[in-house]
Amino acid sequence: MDRFIIRGGKPLHGEITIGGAKNAGLKLMVAGLLTGERLVLTNVPRIADIATMRDLLVQHGVAVEDLNGDGSSYSIGGEITNTEAPYDIVSKMRASILVLGPLLARCRKARVSLPGGCAIGTRPVDMHLKGLETLGAEIRLEGGYINATAPNGLIGDRVILPFASVGATENLLMAATLAKGRTEIVNAAREPEIGDLVACLNAMGAKITGSGSGTLVIDGVDSLHGAEHRIMPDRIECGTYACAAGITGGDLKLLGGRVDDLGAVVRALEETGVEVTQESYGMRVRRTGALRGIDIMTEPYPGFPTDMQAQFMAMLAVAEGASMITETIFENRFMHVPELNRMGARINVHGSSAIIRGVHALSGAPVMATDLRASFSLILAGLAAHGETTLSRVYHLDRGYEAVEKKLAACGANIERVKG
């Protein structure tokens, strides 16, 4: 099992290219199920989750072609020959649940395993299922599988989500593109990745309005056609490397980074003392003084994203004063706290909040990744720590970040991947 060896204490300086967004790319690949024609996606992130999604689509019978031979562009499309999404693939990645809506819309039936993914807490699919039932689907749960049918096709209706769930919004959005009549999704999630999905679906012939407003209106069409779409840059990767500049006292150019996509993350960075500017090439992030403690609460977009919580916690561990992070999205997303404390951090968890009392310096130690974002929080801690840090279970990291050690080493970090 691979691990990283990190020798900290060096400020990062240089350029990092921000890849395509994981949280957009996976859903855009699924959109290929909605048409028999070719959907061409460019700026595809070369990460493990994309490979898993490719395997899932292929077993549905859809052709997935690597256009450049390097995993950066895919052509997706063709006839669906299998409407079952099996446990052995779905258990690897929670985003697999998103094939349910498109399969129902196009084939009128689907059998999808209940999903897996990072162990960061309960993420029920109830909203997906209730929303699809509102659109006319008949759903039964049997033996760990969702068995869904829509004998007469899906019918447009008004769906009110009790929580602005990203996954439920995306599943219902894709399903509604081929439903009969008009669908309204009220309290829809507003993340930029959903806007990217809407743009792609509209390019494929869908009729969707209201992107970013909290209410999506979809007028169903008989069929979608092929299109070409460039995946947006990954705002979470961008925010993560911004934290790398902050925690090491560095100065990084994040090529392709977009300040507007980051929203509350930029404001939080600036409050800690990290300077963020939009430039023609992307974003520049630098720290010139001491880090300051701040309070953060995770919220649905445009609030502070839960996917940036762990990275900020690492940075605040070496900030002056005290900080508090309150997690409102996932109840188990503080599993990195014991590992950070092993490195000398002073963090206490009380229910859904973590109190962080900044220390002068962290110390290198053997640590273990527990989920995707927690993996990078420990890399950040290792980059700032005195001595050597060994991070094991980096397969979590490979699910969502591309060429981490190469990008960081190019900016002066002393980091290496050890195979084993």
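Rules of the game
Residues numbered from 1 in each chain as written. Predicted model: local features only at pLDDT ≥ 70, side-chain atom pairs only at ≥ 80, totals over all residues. Heavy atoms only, no water. UniProt positions renumbered as here; feature names shortened; annotations may be inferred. Phe/Tyr/Trp six-rings, centres within 6.5 Å; stacked < 30°, edge-to-face > 60°. Buried < 20%, exposed > 50% of the residue type's maximum accessible area, 1.4 Å probe, protein only. Lys NZ or Arg CZ within 6 Å of the ring centre and 35° of its normal. Helix = DSSP H or I, 4+ residues; strand = E, 2+ residues; numbered from the N terminus. Expected span 1.5 Å × (residues − 1). Arc of directions from axis to C-beta. Contact = heavy atoms within 4.5 Å.

- As recorded in an unreviewed UniProt entry, the protein goes by the name UDP-N-acetylglucosamine 1-carboxyvinyltransferase, listed as coming from Acetobacter aceti.
- Check the Sequence similarities (unreviewed entry) section of the UniProt entry for the protein; it says "Belongs to the EPSP synthase family. MurA subfamily."
- What the UniProt record of the protein gives under Pathway (unreviewed entry) is the line "Cell wall biogenesis; peptidoglycan biosynthesis."

Quick word on the packing of aromatic side chains
- Applying the stated criterion across every chain yields a total of 3 aromatic pairs.
- Their ring planes at 90 degrees and their centres at 5.0 Å tell us that Phe 304 and Phe 312 sit as a pair that is edge-to-face.
- The exposure class of Phe 304 is buried, given its relative accessible area of 5%.
- Its relative accessible area of 0% is what places Phe 312 among the buried residues.
- Put simply, the rings of Tyr 241, Phe 376 and Tyr 401 touch in pairs and so form one group of aromatic residues.
- The ring of Tyr 145 has Arg 111 sitting right over it, with the charged end atom 3.9 Å from the ring centre.

Quick word on helix α2 (residues 48-59)
- Taking 1.5 Å of rise per residue, the 12 residues of α2 would be expected to cover 16 Å, and the 17 Å separating its terminal C-alpha atoms lies within 8% of that figure.
- Three or more residues of α2 are buried, namely Asp 49, Ile 50, Thr 52, Met 53, Leu 56 and Leu 57. The buried side chains of α2 occupy one side of the element, clustering within an arc of 160 degrees when seen end-on.
- Check the buried side of α2 and you find it contacts α1 (22-31), β4 (63-66), β5 (73-77), β6 (84-85) and α3 (87-90).

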